[in-house]
Structure formats: C-alpha cells, structure tokens
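Listed below, chain by chain, are the residues.
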Amino acid sequence: MFGKSVVIGQYVPLDSAMHRLDPRSKIFFVALGIVTLFLVQSWLSFALLGGFFVLLVLLAHLPFQYVLKSLRPLWVLLALTLCLHVFFTPDDALVLFGFLRVSLGGLFKGLFIVARLVLLVVATTLLTLTTSPIELTDGIEGLLSPLKRWGFPAHELAMMMTIALRFIPTLLEEAYRIMKAQMARGIDFESGGFMKRIRGLIPLLVPLFVSAFRRAEDLAVAMESRCYRGGIGRTRLRMLRFERRDYAFLSLSLLVFVLSLSLSWLTW
Amino acid sequence: MFILVENVSFTYLANTPFAVQALRGVSLTISRGESVAILGRTGCGKSTLVQHLNGLLMPQEGRVVVDGVDTRVRGAALKGIRQKVGLVFQYPEDQMFEETVFREVAFAPRNMGVEGEELEARVRWAMEAVGLNYEALKDKSPFELSGGQMRRVAIASILSMKPEVLVLDEPTAGLDPQGRTALLERLQDLRRQWGLTVVLVSHNVEDVARIAERVVVLERGRVVFDGPVREFFACEHRMRQYGIIPSPLLQAAFLLRARGFEVDPPLTPLELYREIEEKVLARRKPCSVKV
C-alpha cells in the first residue's frame, strides 16, 4: 500500500510537446544549458534564459508549483550563498551591523549566483519532470553507445540503472513491511539512544538484504531464461528517433544559448 | 469482550492524490477464546484491519480497545498491547534475521524484557507448541530449514511473547499440502490446549472451515457479514457475491441441495459423508445395481 505511492524521481506523466521529445535531445539541452549558465556573466542573458525556460515549462503543461517544489531542498544553500556574499565581500560597506558589513557589491554578486543556481535547477527539473526514468536511461544509453567501440559498457550501465530504479519502490515497500513485522515483535525503532537505534536496524537490514539477494537471483534466472546476454544484437520496443521536433527544439535552444552568450560578452 | 473495534476508518496517504480508503466505519468485537476468520477479496481491507488490532496502525476515526486499553497509547502500554495481540504477518519467515532458531524465537520476549530461565522455557514452549523439536533445532540457522519449518519458527517467534490473541495473516500461503495440514492442526491445538484466541485472515475457505467458528467478511472496507461459520457457508450466492469461492466440499453440498436434498453445509469430509448417508441415501431404496 505504502510502496505503491512512492514516486521515484519527479516524473509527471503528461502529454505535451516537451514530453514527446526524444530524451537524448532533452539531455543535450540540459548539458548545453548548464555550460551556458556557467559562462554567461550578465543579467540580460539570465533574463533571456529564464524567459526561455518559462516558455518551456508552459510548453510542458507543467504547473509552476511543481518546478518551484524542486527548488525547496535548495533553500538553505541559496540563503547561505546569498548571506556569505552579502556579509563577506571585502567591498565598500553599505550598512554596518556591529562586525557585520553589508556590501552592495556582495549583494549583487550573491543574487547573481542565486539566479544562476535557480536557473540550473529549473533546467534539470525540466528534464526530470518530463522524462520517465526508463526514457532517461534509454537516452543515456543512446548517448553513450558511441563509446562502445572502445569497450565502454553503455548497455550494461543503462540496464543496471533501469533495474535499480525499478526496485527502489519494491524495496521500500519491503522495508516498511519488515519494520512493521519487527514492531509487532516489540522492537521500538523510534526511541532509545544512538547505539540502541543502530542495533535496532539489524532486524530490519538483515531480512531486507536476504530478500534483495533472493530477488536479484530470481531476476538473473528470469533474464537468463529469456536468453538475455547483454546488449549485443538486442532490438528495442521503443526506438529512439530524432524527429523534426527534436531538431527544431535543439536549434531553438542553441540559438537562445548562443544569443545569451553573445549578449553576455557584449555587455560585460 | 477482549478486542473492541468501534467505527474505525482508515485512509492510506490521506490528503494526497494517492489516497486510498481501506476501512470505512468497521465495528467488531472479539471475545476471549473465540476463533474468528476474516474473509474478503484482495484489497478489501483485511490486512489493514488486522494491523489495527495491535496498534501498528492507529484508527483515523473511531477507536480500537484491547483489554480495556485504547491502542492510541505510547511506550510501555503500546508494547503491552503488542504482547497481548501477537500478529503473524503474511510470509512471516521473511522477517527472520538471527543466527540460530533459539535467538530468533527469543527475540520478541527479549524485547519484552524476559531473560534467563524464563526465556528458555518460553522458547521451548513456543517451539513445541508449533510442533518443532527444541533440542534438535534450537542451534540451527533458521535459513537452512524447510519452508514449512521456517513458517513454524516464525509463528513460534510470535508465540514466545505468550500472546492472548494470535492473529495470522494468510498463515498457510505458499505451503505444501502436508505443511498446511500440519500447521492448521497445530493452530487448533493451540486453541484447545492453551485457550488462545485465534484471528485468521484468509481467503481459503478450507482453512477457515477447519479453524474458525465465526466469520467476518469485509467488502470494500466495510463489514458485510458477521456470524457463525455454518451460517455463512449455507448460502452459496452470498459467498460468491463477496468473491469467496466455496471449497469442493461445499460445492458438493450445494449441488445436492440444488437437487432437493436438505444437506447442511459441511466443514469436514466426514460431515458431508454423514449428511449424505442420513439425508440422501436413507431416502432412496437400497441400490439394486451390484457393485
């Protein structure tokens, strides 16, 4: 019951232009976007990139609160970055609070870095919110497969990622079940000192590992009995194909990125 | 009454888009010495209800009272409730982790603060109560036992708390026929010899017929039947309506009834034979065909 609800990643299954894109073009987009975000140095470029990302969020039919939610774990980092810059920039002090100097230059610099971080998260969130984990691993495999020529195990890596993602909810459910079973035997996971709690984990972890190993063995047998022998000669159900929309999306992204880079160099 | 469940409702992941209401206003009482079977199709709320009986889940509405104590207590009182109501989960052997059978069975009473000779006596009693040889098995690893033995060790590891009520969620699932028969016999003995109250969750009608005297049927989180086992088995239509498939024994009785013989629902093959002898064969002339 509990495990069924555990959503891995943040994928929001919708049907939108962004969702239909080839995962590889979205990964490309994120990689190029990150590089651009680190290179640009002007507010104007940020505004352009920000506007572009907002447009993409709209295209993906994503509610804005989903995108904002992904920023939540970053609040502390953002606030800390801003504070450090504001208080510790050796610059002309704007206001003095005892030993704390508030610097205007630092404030700007801090806001700049915060904006950069926020945009970074928004760009990657655009990928994870519109791409299912399976598509994502397919995309990674597709991008890494040119390296196969030099013996890089691209398919095996992708398969491992897929299996890991597939079993996270299963193992969570299992952990929850075992925890309850041990609670029925009088163990208390919630109170007691540090050592007592650590020792309390053994009755949870041992059965969990036993069942994980058993599952792994079953899975291996099931895969072998269906003649799985790695990626050689394997065809796929969903072929990744670059469509016209992917070329259009990548061209538009490239255009925006180049534009913002040149804006940055011009105004800097 | 020993356990009182009053108007209990429970929703998983309440206030999220994933909310699933598992129980809707369930009321039921269980008295000392009873043997109750909780029946119903998959997802009807059986397992959720059972986890309310020992305070693993707390009712979101209504209340559960065990031996005069509301389950919404904390600390020692909650441990007391879990000791009085021993809950055996489905596939209980999955929760085993100790190096020896003895330590496995001793785990729960140790958590309850039992030590020394009393502990050993309890482990011995619990193992023998489920038909395991204490001397031969106590130092073995629980992981090298057979499936049926593992299941019994797991049940012993709950029994060693000396619960007053033993709640079992599908105790015979995945056992071979011999293991199943042996386990059911042991459960009956536990009731007869030690006066244990037994609550059995199952959708296996044969298991229910062997163990239970009373049947509670859940359907979509509601109690739709609560009465003697024979009364429930008397009506084929009702059983099927709630997704419970009659055992072959009952099906034979229903067929005879459809032919106009007033056969009572049997719980054992012997009962069916007696019913046939009395109500079917007696009405006919002795068989003229040579056998």
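Each remark here, short or long, concerns the structure printed above.
Position numbers for residues count from 1 along each chain, tracking the sequence in the order it is written. Throughout, the order in which chains and ligands are written sets their labels, letters from A for the former and numbers from 1 for the latter. In view of the model being predicted, local features appear only for residues whose pLDDT reaches at least 70, and side-chain atom pairs are presented and counted only at 80 or more, with totals across whole chains, interfaces and linings using the full set of residues.

Enquirer: What am I meant to see in the pairing of strand β8 (residues 197–201) of chain B here?
Expert: Where a strand is regular, its side chains alternate between the two sheet faces. Residue and element names in this part refer to chain B. With C-beta atoms placed from the backbone, a residue is buried if 20 or more other C-beta atoms are within 10 Å of its own, exposed if 12 or fewer are, and partly exposed between those counts. Starting at the N terminus, helices and strands are each numbered in turn, a helix being any DSSP run of H or I of at least four residues and a strand any DSSP run of E of at least two. The element β8 is largely enclosed, with a buried count of five among its five residues. Going residue by residue along β8, you find T197, V199 and V201 tucked away on one face and V198 and L200 tucked away on the opposite face as well. What makes two strands pair is DSSP finding at least two bridges between them. Bridge analysis of strand β3 (residues 35–39) against β8 gives four bridges, and the strand direction is parallel. Bridged to I38 within β8 is V201. Two elements, strand β7 (residues 165–169) and β8, share five bridges in a ladder whose sense is parallel. Counted as the bridge partner of D169 is V201 from β8. In this fold, β7 hands off to helix α7 (residues 177–194), which returns the chain to β8; that crossover is right-handed. By convention, orient the strands away from the viewer: a clockwise path from the first strand over the helix to the second makes the crossover right-handed.

Enquirer: Any chance you could explain unusual backbone geometry here in plain terms?
Expert: Most peptide bonds take the trans configuration, and most residues that are not glycine carry a negative phi. Residues and elements named next belong to chain B. Look at N7: it is not a glycine, yet its phi comes out positive at around 55°. Here N7 lies in strand β1 (residues 3–12). If you check the backbone angles, D67 has positive phi at about 50° while not being a glycine. Position of D67 among the secondary structure elements: in the loop between β4 (61–66) and β5 (69–70). What makes D67 partly exposed here is the crowd of 15 C-beta atoms within 10 Å.

Enquirer: Explain the pairing of strand β9 (residues 214–219) of chain B to me, please; I cannot follow it from the model alone.
Expert: Residue and element names in this part refer to chain B. The pairing of β3 with β9 spans four bridges and is classified as parallel. In the sheet register, A37 faces β9, and the bridge partner there is V215. Here β9 runs beside strand β10 (residues 222–228); their pairing, made up of six bridges, is antiparallel. In the sheet register, L218 faces β10, and the bridge partner there is V223.

Enquirer: Where do I start with the sheet that holds β9(B) in this structure?
Expert: Consider a sheet: its strands pair through backbone hydrogen bonds, and that pairing is either parallel or antiparallel. All names here are of chain B. Spatially, the six strands line up as an open sheet ordered β6-β7-β8-β3-β9-β10, and their pairing is mixed. Edge positions in the sheet fall to β6 (85–88) and β10, since each of these pairs with one other strand and no more. Direction aside, neighbouring strands of the sheet carry axes that sit 15° apart on average. Relative to β6, helix α6 (residues 147–159) is tilted by about 160°, and along the sheet it contacts β6 and β7. Angular values range over 0 to 180 degrees, each being the angle between N-to-C directions of two axes fitted as lines to C-alpha atoms, with helices fitted over their stretch in contact. Two residues form a contact once the distance between their C-beta atoms, set from the backbone, is within 7 Å.

Enquirer: Looking at this model, I keep getting lost on the nonpolar core. Mind explaining?
Expert: What tends to happen in soluble globular proteins is that the nonpolar side chains get buried as a cluster. Counting residues in each nonpolar core, the largest one holds 84 residues, and the members touching the most others are A156(B), V167(B) and V208(B). For this core, the element with the highest residue contribution is α6(B), accounting for seven residues. When neighbours within four sequence positions are excluded, V167(B) is seen to be in contact with V50(B), L53(B), V85(B), G86(B), L87(B), V88(B) and V199(B). Core membership is restricted to buried Ala, Val, Leu, Ile, Met, Phe, Trp, Tyr and Cys residues, and these are joined into a nonpolar core through C-beta atoms within 7 Å. Counting residues in each nonpolar core, the second largest holds 20 residues, with F46(A), V122(A), A123(A) and F257(A) among its members.

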